[in-house]
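# Close look at the chain arrangement
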Amino acid sequence: DFNCGHCKALAPVMAQLMKNNPDVKFVFKPVTFLGSMPVAKAAMAAHKQGKFLEVYEALLNHKGQLTADVINEKIKEAGLDVEKTKEIMDSEEVSSALFSAVENWSKEQGMEIIHGPMGYNDLDREGLLVEGFDYLSTFEDIVNISIKLL
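Residues numbered from 1 in each chain as written. Predicted model: local features only at pLDDT ≥ 70, side-chain atom pairs only at ≥ 80, totals over all residues. Heavy atoms only, no water.

All right, on to the overall build of the protein then. Scanning the protein from terminus to terminus reveals seven helices and two strands. Ordered by position from N to C terminus, the α and β elements of the protein give α-α-α-α-α-α-β-β-α. Taking all 150 residues of the protein together, the buried fraction comes to 36%. By sequence separation, contacts in the protein at least 24 residues apart represent 65% of the contacts at least 6 residues apart. Looking at the protein as shown, the accessible area adds up to about 9,400 Å², and 55% of this sits on carbon and sulfur atoms. (Helix = DSSP H or I, 4+ residues; strand = E, 2+ residues; numbered from the N terminus. Buried < 20%, exposed > 50% of the residue type's maximum accessible area, 1.4 Å probe, protein only. Contact = heavy atoms within 4.5 Å. Areas by Shrake-Rupley, 256 points an atom, 1.4 Å probe, with all protein chains shown as cover.)

Given below as structure tokens:
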């Protein structure tokens, strides 16, 4: 979630992990609980234009409030047309994709109903909560163990 302090703390760790492991596939789940739906829509719209990671990182690493002006600025900095991106953001396809992502994630967690913001991160691997989520070494160990098991 783009308004989550834990997610923001984790962003540089995950960026370094991806850089260190270019052969590992990373999957982003656009789950938003903390009022960041417009920001998540911007990231999804950027994905549809081949610029997800650039916009995602710019938005997640932004210090301060993610206003409409900031979102537009980050979209433009990524080399995307702001008006076209807004059209994609407002599309039924993007709204449905985000709603489905939250709904599917919730069901995977055993939740029937979402009762507001979640106060924890959902970094789990094969059902195990990943402790020490803000340390690169934690994830490097998981990636290295997983590669050895392949």
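Glancing now at the confidence of the model for the protein. Mean pLDDT over the protein stands at 76; residues scoring 70 or higher make up 67%. Confidence drops under pLDDT 50 across residues 114-132; counting only partners more than four residues distant or on other chains, this segment forms 32 contacts. (pLDDT = per-residue confidence, 0-100.)

For the rest of this paragraph, the subject is the packing of helix α2 (residues 37-48) against helix α3 (residues 52-60). At a minimum axis distance of 7 Å, the contact between α2 and α3 shows a crossing angle of 160°. Compared by their axis directions, α2 and α3 come out roughly antiparallel. Counted together, Val 39, Ala 42, Ala 43, Ala 46 and His 47 of α2 and Phe 52, Val 55 and Leu 59 of α3 form the full contact between these two elements. Taken together, the residues of the contact of α2 with α3 break down into seven nonpolar, one polar and no charged. (Axes fitted to C-alpha atoms, helices over the stretch in contact; angles between N-to-C directions. Parallel < 35°, antiparallel > 145°, perpendicular 65-115°, else oblique. Nonpolar A, V, L, I, M, F, W, Y, C, P; charged D, E, K, R; others polar.)

Bringing the nonpolar core into the picture now. One finds Phe 2, Leu 59 and Ile 75 to be the most contacted residues of the largest nonpolar core, which totals 25 residues. Looking at which element gives the most residues to this core, the answer is α2, with seven residues. Discounting residues that sit within four places of it in the chain, Phe 2 has contacts with Lys 8, Ser 36, Val 39, Ala 40, Ala 43, Tyr 56, Leu 59, Leu 60 and Leu 66. (Core = buried A, V, L, I, M, F, W, Y, C linked by side-chain atoms within 4.5 Å.)

Before going further, it helps to examine the pattern of salt bridges. Per the stated rule, a full pass over the model turns up four salt bridges. For Glu 93, the salt bridge is made with Lys 48, and the minimal N-O distance between the two is 2.9 Å. Of the two residues, Glu 93 sits in helix α6 (residues 92-108) while Lys 48 sits in helix α2, which places them 45 residues apart along the sequence. Here Lys 74 ties to Glu 73 by a salt bridge, and the two come within 3.8 Å at their closest N and O atoms. Overall, the relative accessible area of 13% leaves Lys 74 in the buried class. Salt bridges linked by common partners bring Glu 73, Lys 74 and Glu 77 together as one network. (Salt bridge = Lys/Arg side-chain N within 4 Å of Asp/Glu carboxyl O.)

In this section: the packing of helix α4 (residues 68-77) against helix α5 (residues 82-89). Across the interface, α4 lies against α5 with an axial gap of 9 Å and an inter-helix angle of 115°. Like other packed secondary-structure pairs, α4 and α5 cross with a definite hand, here right-handed. Between α4, through Asn 72, Ile 75 and Lys 76, and α5, the contact on the second element is made entirely by Val 82, Thr 85, Lys 86 and Met 89. In the contact of α4 with α5, the residues fall into three nonpolar, two polar and two charged. (Left-handed = near helix turned anticlockwise from the far one by under 90°.)

The next subject is α5. When α5 is considered as a whole, its buried residues turn out to be Val 82, Thr 85, Ile 88 and Met 89. All buried residues of α5 project into a common sector of 120° when viewed along the axis, lining one side. Capping the start of α5 is the job of one residue whose side-chain oxygen sits 3.2 Å from the backbone nitrogen of Glu 83: Asp 81. (Arc of directions from axis to C-beta. Polar contact = N/O pair within 3.5 Å; in protein donor to acceptor, adjacent residues only side chain to side chain.)

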